[in-house]
Amino acid sequence: QLTMSLKSSTLLNEETFQGPERNTERLGSLELQTPSSFQDNPLQQLQLASQEVLEKAKKSGRSKCPRCSSSRMFYCYTCFVPVETVPTKEIPAVKLPLKIDIIKHPNETDGKSTAVHAKLLAPDDVTIYKYPCIPEYEEKRHEIALVFPGPNSVSVKDIAFHLQKYTKKGVYDNNDDCSREPVLKQARIEPKEEKDLNEHISSNRSEGSRLKKIIFIDSTWNQTNKIITDERLQGLLQIELKTRKTCFWRHQKGKPDTYLSTIEAIYYFLVDYHQEILKENYKGQYDNLLFFFSFMYTLIKNAKCCAGKE
């Protein structure tokens, strides 16, 4: 097995091909152990729906968006719908175990973002907001988390435990006055209480399903600070992802291959969530989130091979 470890947090996004000024990796993190064969091309093991519809669309060339009539290939990245040559019924629909909000910086280039893939493939569970137009999350912070590395970030497997601290009347929040205080001011949970709390979570699967929504930030490194410091995102539980090797074709030269695109970050979070929180065997339930991504990866890889670049 190949083990990769990074000490610093990394930023993931979509436009990593545009040099230092456009370092657009989204924030991910840190450790991975996977077979080297899977590392070479993790997409080859995905359980995907037939991509014949995309093959046909590729041969037909660009087509119109049914809403704005813009000329696009495969889908319209502004209306979040497939083009006329890609019937919606032939695109897989992915049902997610929770809702996803993607907060996108207004200066990000729509056409180079993979965030739209999530909206196309899981339209009922994914919402894309263009900053600064984002929801107020404060009243529901006990059921919402933000994927963003930092000194207080926790791993996916620890989500259920930490969300306990965000409830108004958690298992050990017997003192109403204490429970109303900000999270950082609440009394420290003693080791024995922490053990009991973990046992309570393990014995009640509903505790593991308390998380209702996960937030991803779609921004360049330089622009992320403005979003992450927004008062509407303060006080949310922050999650770090276990890092995988990216297959993104706009990867910035000289940067680690552990920088993921947005759709990869979403996909890997859900795989971890399914295994660590739902405690279920993963059988490819979310693989189709990479339906467009894997097809484009193959197209670009083949094009580079033909051009003698690989």
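How each quantity is defined
- Within every chain, residues take consecutive numbers counted from 1 along the sequence as written.
- Only residues with pLDDT of at least 70 get local features here, since the model is predicted, and only at 80 or more are side-chain atom pairs given and counted; chain-wide, interface and lining totals rely on the full set of residues.
- Excluded from the side-chain calculations are hydrogens and water; all other atoms, namely the structure's heavy atoms, are used.
- UniProt positions are given in the numbering used here, feature names are shortened, and annotations may be inferred rather than shown by experiment.
- Numbering of helices and strands runs from the N terminus, with a helix taken as a DSSP run of H or I at least four residues long and a strand as a DSSP run of E at least two residues long.
- With a 1.4 Å probe rolled over the protein chains alone, any residue whose accessible area is under 20% of its type maximum counts as buried; one over 50% counts as exposed, and the rest are partly exposed.
- We call two residues contacting when some pair of their heavy atoms lies within 4.5 Å.
- The method behind every accessible area is Shrake-Rupley, applied with a 1.4 Å probe, and residues are considered shielded solely by the protein chains displayed.
- Here is the rule: rings of Phe, Tyr and Trp (six-membered ring for Trp) pair when centre to centre is within 6.5 Å. Planes less than 30 degrees apart are stacked, more than 60 are edge-to-face, and the remainder are tilted.
- Geometrically, a charge over a ring is one whose NZ (Lys) or CZ (Arg) sits within 6 Å of the ring centre while staying within 35 degrees of the ring normal.
- The rule for a salt bridge is simple: a side-chain nitrogen of Lys or Arg has to be within 4 Å of a carboxyl oxygen of Asp or Glu.
- At least two bridges found by DSSP between two strands is the condition for calling them paired.
- Axes here mean lines fitted to C-alpha atoms, for a helix over just the part in contact, with angles spanning 0 to 180 degrees between N-to-C directions.
- A patch is a set of surface residues, each over 30% in relative accessible area and not in a salt bridge, joined within 9 Å for like charges and within 5 Å for the nonpolar side chains Val, Leu, Ile, Met, Phe, Trp and Tyr.
- None of His or the chain ends enter the tally, which takes Lys and Arg as positive and Asp and Glu as negative.
- One atom stands in for each charge, and that atom is NZ of Lys, CZ of Arg, CG of Asp or CD of Glu.
- In this scheme, a helix's expected span is set at 1.5 Å multiplied by one less than its residue total.
- Confidence scores here are pLDDT values: one per residue, from the predictor, ranging 0 to 100.
- For this quantity, the arc is that covered by the directions from the helix axis to the C-beta atoms.

As recorded in an unreviewed UniProt entry, the protein goes by the name tRNA-uridine aminocarboxypropyltransferase 1, listed as coming from Corythaixoides concolor. In UniProt, the protein has this text filed under Subcellular location (unreviewed entry): "Nucleus". Per UniProt, the protein has the following entry under Catalytic activity (unreviewed entry): "a uridine in tRNA + S-adenosyl-L-methionine = a 3-[(3S)-3-amino-3-carboxypropyl]uridine in tRNA + S-methyl-5'-thioadenosine + H(+)".

**Q** Would you take a moment to explain the overall build of the protein for this structure?
**A** When its secondary structure is counted, the protein shows 10 helices and 14 strands. Out of the 310 residues in the protein, the part that is buried amounts to 50%. Expressed as a percentage of contacts within the protein between residues at least 6 apart in sequence, the contacts between residues at least 24 apart total 74%. Just so you have it, the protein exposes about 15900 Å², and 48% of that area is on carbon and sulfur atoms.

**Q** Help me understand the packing of aromatic side chains, please; the structure alone is not making it clear to me.
**A** Any pair of aromatic rings gets described here by the distance separating the centres and the angle formed by the planes. The tally for this structure, following the rule as stated, stands at 7 aromatic pairs. Pairing F291 with F292 gives two aromatic rings, centres 5.4 Å apart and planes at 80°, and the pair type is edge-to-face. Side by side, F291 and F292 carry an identical accessibility label, which is buried. Looking at R72, its charged tip hangs above the ring of Y77, at a distance of 4.1 Å from the centre.

**Q** I keep staring at the pattern of salt bridges and nothing clicks. Help me out?
**A** Pairing between side chains of opposite charge can happen when their charged atoms approach one another. In the structure shown here, the tally under the stated rule is 9 salt bridges. D101 serves as the salt-bridge partner of K213, at 3.5 Å between the closest nitrogen and oxygen. You can see K213 sitting in strand β13 (residues 213-218) and its partner D101 sitting in strand β9 (residues 99-104), a full 112 residues away along the chain. Taking the relative accessible area as the measure of exposure, D101 reaches 2% and is therefore buried. Among the ionic pairs, K104 bridges to D110, the shortest N-O distance being 2.7 Å. With a relative accessible area of 22%, D110 lands in the partly exposed category. In the salt-bridge network here, residues are joined through shared partners; they are K95, K99 and D125.

**Q** Where do I start with the sheet that holds strand β14 (residues 237-240) in this structure?
**A** Strands in a sheet are paired, the pairing made by backbone hydrogen bonds, and the direction either parallel or antiparallel. Pairing in this open sheet of 6 strands is parallel, and the strands run β10-β9-β13-β11-β14-β12 from one edge to the other. Looking along the sheet, the strands with just one partner apiece sit at the ends: β10 (126-130) and β12 (154-155). In the packing of helix α9 (residues 262-276) onto the sheet, the strands contacted are β9, β11 (144-147), β13 and β14, and the crossing angle to β13 comes to about 155°.

**Q** How do you make sense of the pairing of β13 when you look at a structure like this?
**A** Successive residues of a regular strand alternate their side chains across the two faces of the sheet. Counting buried residues in β13 gives 5 out of 6 residues, a clear majority hidden from the surface. By the bridge criterion, 6 bridges tie β9 to β13 in an arrangement that is parallel. Paired with I103 across the strands is I217, a residue of β13. Pairing of β11 with β13, which is carried by 4 bridges, proceeds in the parallel orientation. Bridge pairing links I144 to K213 in β13.

**Q** Would you explain a negative patch on the surface in this entry?
**A** Together, E136, E138, E139 and E231 make up a region of like negative charge exposed at the surface. Looking at where E136 falls in the secondary structure, it is placed in the loop between β10 and β11.

**Q** Teacher, can you tell me more about helix α10 (residues 291-306) here?
**A** Structural remark: α-helix, 3.6 residues per turn; residues separated by three or four positions point the same way. With 16 residues, α10 extends 23 Å from end C-alpha to end C-alpha; this agrees with the ideal 22 Å at 1.5 Å per step. Among all positions in α10, only F291, F292, F293, S294, F295, M296 and Y297 are buried.

**Q** Looking at this structure, I do not really get the confidence of the model for the protein. What am I missing?
**A** In low-pLDDT segments, the atomic positions of the prediction should not be examined closely. Within the protein, residue pLDDT values average 75, and 65% of them lie at 70 or more. A low-confidence stretch, residues 200-209 (pLDDT under 50), is modelled with 15 contacts involving residues beyond four sequence positions or located in other chains.

**Q** When you look at helix α2 (residues 52-60) in this model, what are you seeing that I'm missing?
**A** Along α2, the positions that sit buried rather than exposed are V53, L54 and A57. Down the axis of α2, the smallest arc covering the buried residues is 95°, so these residues share one side. Where α2 is buried, its residues touch α10.

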